[in-house]
Amino acid sequence: MMKERTLHHDLDAREMTRLRAFQCIREAGQISRTDIAKALNSSPATVTSACGALLEAGLIRDVEAERTDATQRGRPRVMLEVNGEALAVAGIKVARHAIHVTVVDFKGVEIGSHLSPLAASCMPAEALVMAVRQALDDACEKLGLSLDAVAGVALGLPGFINGETGFMHWSSSVRERNVDFMPLFARHLPCPAFLENDANLVAKAEQFFGAGRGLRNFLVVTIEHGVGMGIVQDGQLYRGERGCGAEFGHMKVQFEGAVCQCGQRGCLEAYVGDYALIRDASVGRQGDAYKSLTDILDAARAGDRLSGEVLERASKVLGVALASLVNLFDPEHIVIARLRPRFDEAHTQAMLDALKRNTVQVDAPLPGITVRNLDQKMWARGAAAHGIERVSILKIRARGDQDAA
Ligand SMILES: [Zn+2]
């Protein structure tokens, strides 16, 4: 049963080899058994046996390599690739006012996506899972896909979430604290489902499709209503012992400072999250508070002094906090992904200047930095990538149990 078992940790050595071979094939696109053995530093016999199990489970297939040289003779080289059509996986991101569903095939190629409005930005956990089910049903109907074709669902939520066990300690989207989502998933969803912190999913998306491809150590910082982070170390997501590490947004930047949505004071998020900017820029406006970040940007451009100052201070605070990340992790690369209207170049520059000024000085270049606008689909694509990984683990384990029986 999935409930008590965490996913990675109970694979035996043989299953782990199968998983690593599968990941190797997925990353390569097409690869020969010999090259897998080289990449995994494993014997050809071990790889052949692992691939045999993956072929039987239908997760991969043999293909003839395309000839690069027309004069080549002899037998075509047999390569392996992920069996894309074998399974579909849904990646789902719960945002404040919407549920985004992206359905991909097993190669990660998008089949289609769907957006469902969400009645409230904070709901009881069970009502939220039922809304997710409705969004999944609607997505399948729109895409002309049978619900049976969906082999797994990965759900991204903001907050303190143990992605290994599906336990949510706290989320700004959920009314209760301390919810085990696994029984709710079992009750309302038609297939295996996995819960993950949403910033971790953006890190997955960067690793699969974006600036993190091929990198072993990188950080992804997401900035929207709140601030999140995903840490990839040695190619794996780093989660911490309780599964709630990487809470960059709740790093304290001010002793007994502004109240954060987590209930504590002085968190980074309470200075740079959307809600913090709206709060600070609306001081003195009484009944005429700003509704969104776009309003504040417009006001700043129109010469409103307070809006301009709030944006500039937030950019500097963020830059200093990012410098602390560089000082702590010394990553290869940092992706700063903002789900917000485009900032003026001056704000981005203020952030980067503060970052550079506060990074420990050594005679080596700073890590690469990508600043991008985060489109909502990136979260859902990351969720789908995560779902592919999780479903492949389940299939590999089911195969292992069959072998043992
Ligand atoms: Zn906080």
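How each quantity is defined
- Residues numbered from 1 in each chain as written.
- Predicted model: local features only at pLDDT ≥ 70, side-chain atom pairs only at ≥ 80, totals over all residues.
- Heavy atoms only, no water.
- Helix = DSSP H or I, 4+ residues; strand = E, 2+ residues; numbered from the N terminus.
- Rg over C-alpha atoms; globule rule 2.2 N^0.38 Å.
- Buried < 20%, exposed > 50% of the residue type's maximum accessible area, 1.4 Å probe, protein only.
- Contact = heavy atoms within 4.5 Å.
- Areas by Shrake-Rupley, 256 points an atom, 1.4 Å probe, with all protein chains shown as cover.
- Lys, Arg positive; Asp, Glu negative; His and termini not counted.
- Charge placed at Lys NZ, Arg CZ, Asp CG, Glu CD.
- Donors = N, O, S within 2.8 Å, 3.2 Å for Na, K, Ca; no water.
- Tetrahedral: all angles 85-135°; square planar, octahedral: opposite > 155°, others 65-115°.
- Pairing = 2+ DSSP bridges.
- Axes fitted to C-alpha atoms, helices over the stretch in contact; angles between N-to-C directions.
- Expected span 1.5 Å × (residues − 1).
- Domains from an automatic or database assignment.
- Buried area = accessible area lost by both parts, 1.4 Å probe.
- Salt bridge = Lys/Arg side-chain N within 4 Å of Asp/Glu carboxyl O.
- Core = buried A, V, L, I, M, F, W, Y, C linked by side-chain atoms within 4.5 Å.
- Parallel < 35°, antiparallel > 145°, perpendicular 65-115°, else oblique.
- Left-handed = near helix turned anticlockwise from the far one by under 90°.
- Nonpolar A, V, L, I, M, F, W, Y, C, P; charged D, E, K, R; others polar.

Moving on, we get to the overall build of the chain. The helix and strand inventory of the chain stands at twelve helices and 16 strands. In terms of C-alpha radius of gyration, the chain reaches 23 Å, essentially the compact-globule figure of 22 Å for 405 residues. On the principal axes, the C-alpha backbone points of the chain span a range of 75 × 55 × 40 Å. Each of the 405 residues in the chain was classed as buried or not, and the buried ones make up 53%. The contacts of the chain with a sequence gap of at least 6 include a subset with a gap of at least 24, amounting to 62%. With the model as given, the accessible surface of the chain reaches about 18,500 Å², and the carbon-plus-sulfur share is 50%. Each charge sign in the chain was given a centre, from 47 positive and 50 negative side chains, and these centres are 1 Å apart.

Here we take up the coordination of the zinc ion. The coordination sphere of the zinc ion, as far as protein atoms go, consists of His250 (ND1), Cys260 (SG), Cys262 (SG) and Cys267 (SG), spread over 2.0 to 2.4 Å. Because the angles between the four donor atoms bound to the zinc ion fall within 104 to 118°, the donor set is best described as tetrahedral. When the donors of the zinc ion are listed by position in the chain, the intervening gaps give H-x9-C-x1-C-x4-C. Placement of His250 in the loop between β14 (236-237) and α7 (269-272) and of Cys260 in the loop between β14 and α7 is noted, with a sequence separation of ten residues between them.

Before going further, it helps to examine unusual backbone geometry. Positive phi outside glycine occurs at Asp234, with the angle close to 50°. Considering the arrangement of structural elements, one finds Asp234 in the loop between β13 (227-233) and β14. Here the phi dihedral of Asp330 falls at roughly 45°; this positive angle occurs in a residue that is not glycine.

Right, let's talk about the sheet that holds strand β12 (residues 218-223) for a bit. On the basis of which strands lie adjacent, the open sheet formed by five strands has the order β14-β13-β12-β15-β16 and mixed pairing. The open sheet terminates on both sides in strands that have one partner only, identified here as β14 and β16 (368-373). Pairing geometry for strand β15 (residues 333-338) and β16, over six bridges, is parallel. Looking across to β16, one finds that Val335 is bridged to Thr370. Running over the sheet, helix α10 (residues 305-329) touches β12, β13 and β15 and is turned about 160° from β12.

It is worth spelling out helix α11 (residues 345-357) at this point. Taking 1.5 Å per residue as the helical rise, α11 with its 13 residues ought to reach 18 Å, and the 18 Å between its terminal C-alpha atoms agrees with that figure. Looking at α11, one finds that the buried residues are His347, Thr348, Ala350, Met351, Leu352, Ala354 and Leu355.

Quick look at the domain arrangement of the chain now. For the chain, the assigned domains are domain 1 (13-82), domain 2 (86-203 + 378-391) and domain 3 (213-374). A straight line from the C-alpha centre of domain 2 to that of domain 3 covers 25 Å. The interface of domain 2 with domain 3 comprises 23 residues on the first partner and 21 residues on the second. With both chains or domains summed, domain 2 and domain 3 bury close to 1,600 Å², and 60% of this area falls on carbon and sulfur atoms. Among the residues of domain 2 in contact with domain 3, Phe160, Ala203 and Trp379 are the three that bury the most area, contributing 30% of the side total. Our count for the contact surface shared by domain 2 and domain 3 stands at three salt bridges.

On to the pattern of salt bridges, then. Under the definition given, this model contains 23 salt bridges. When the shortest N-O distance is used, the salt bridge between Arg133 and Asp137 registers 3.0 Å. Of the two residues, Arg133 and Asp137 are both situated in helix α4 (residues 125-143); the distance of four residues between them amounts to about one turn of the helix. The salt bridge partner of Glu164 is Arg390, with a shortest N-O separation of 3.9 Å. Note that Glu164 is positioned in the loop between β8 (160-162) and β9 (167-170) and Arg390 in helix α12 (residues 376-404), a separation of 226 residues in sequence.

Let us look at the nonpolar core. As a rule of thumb, nonpolar side chains are buried together in soluble globular proteins. Counting 42 residues, the largest nonpolar core has Val221, Phe248, Leu268, Val272, Ile296 and Leu322 as its most contacted members. Elements represented by at least two residues in this core include exactly β12, β13, α7, α8 (274-281), α9 (293-301), α10, β15 and α11. It is α10 that provides the largest number of residues to this core, a total of nine residues. With residues up to four places along the chain from it excluded, the contact list for Leu322 reads Val221, Phe248, Ile336, Met351 and Leu355. Counting residues in each nonpolar core, the second largest holds 33 residues, with Leu118, Met123, Leu128 and Cys191 among its members.

Quick look at the packing of α4 against helix α5 (residues 181-188) now. Between α4 and α5, the shortest axis-to-axis distance is 10 Å and the interhelical angle comes to 40°. Between α4 and α5, the interaxial angle falls into the category oblique. Between α4 and α5 lies a crossing whose hand is right-handed. Residues Ala125, Glu126, Val129, Met130 and Arg133 of α4 form the contact with α5, whose participating residues are Phe181, Leu184, Phe185, Arg187 and His188. Residues belonging to the contact of α4 with α5 are distributed by class as follows: six nonpolar, one polar and three charged.

Moving on, we get to the side chain of Glu389. By secondary structure assignment, the location of Glu389 is in helix α12. Glu389 gets classed as buried once you look at its relative accessible area, which sits at 8%. Once residues within four sequence positions are removed from consideration, Glu389 is found in contact with Gln23, Arg26, Lys204 and Phe208.

Pairing in this open sheet of three strands is antiparallel, and the strands run β8-β9-β10 from one edge to the other. Every other strand in the sheet has two partners, leaving β8 and β10 (179-180) as the edge strands with one partner each. Pairing geometry for β8 and β9, over three bridges, is antiparallel. Each residue of the ladder has a partner; that of Ile161, found in β9, is Met168.

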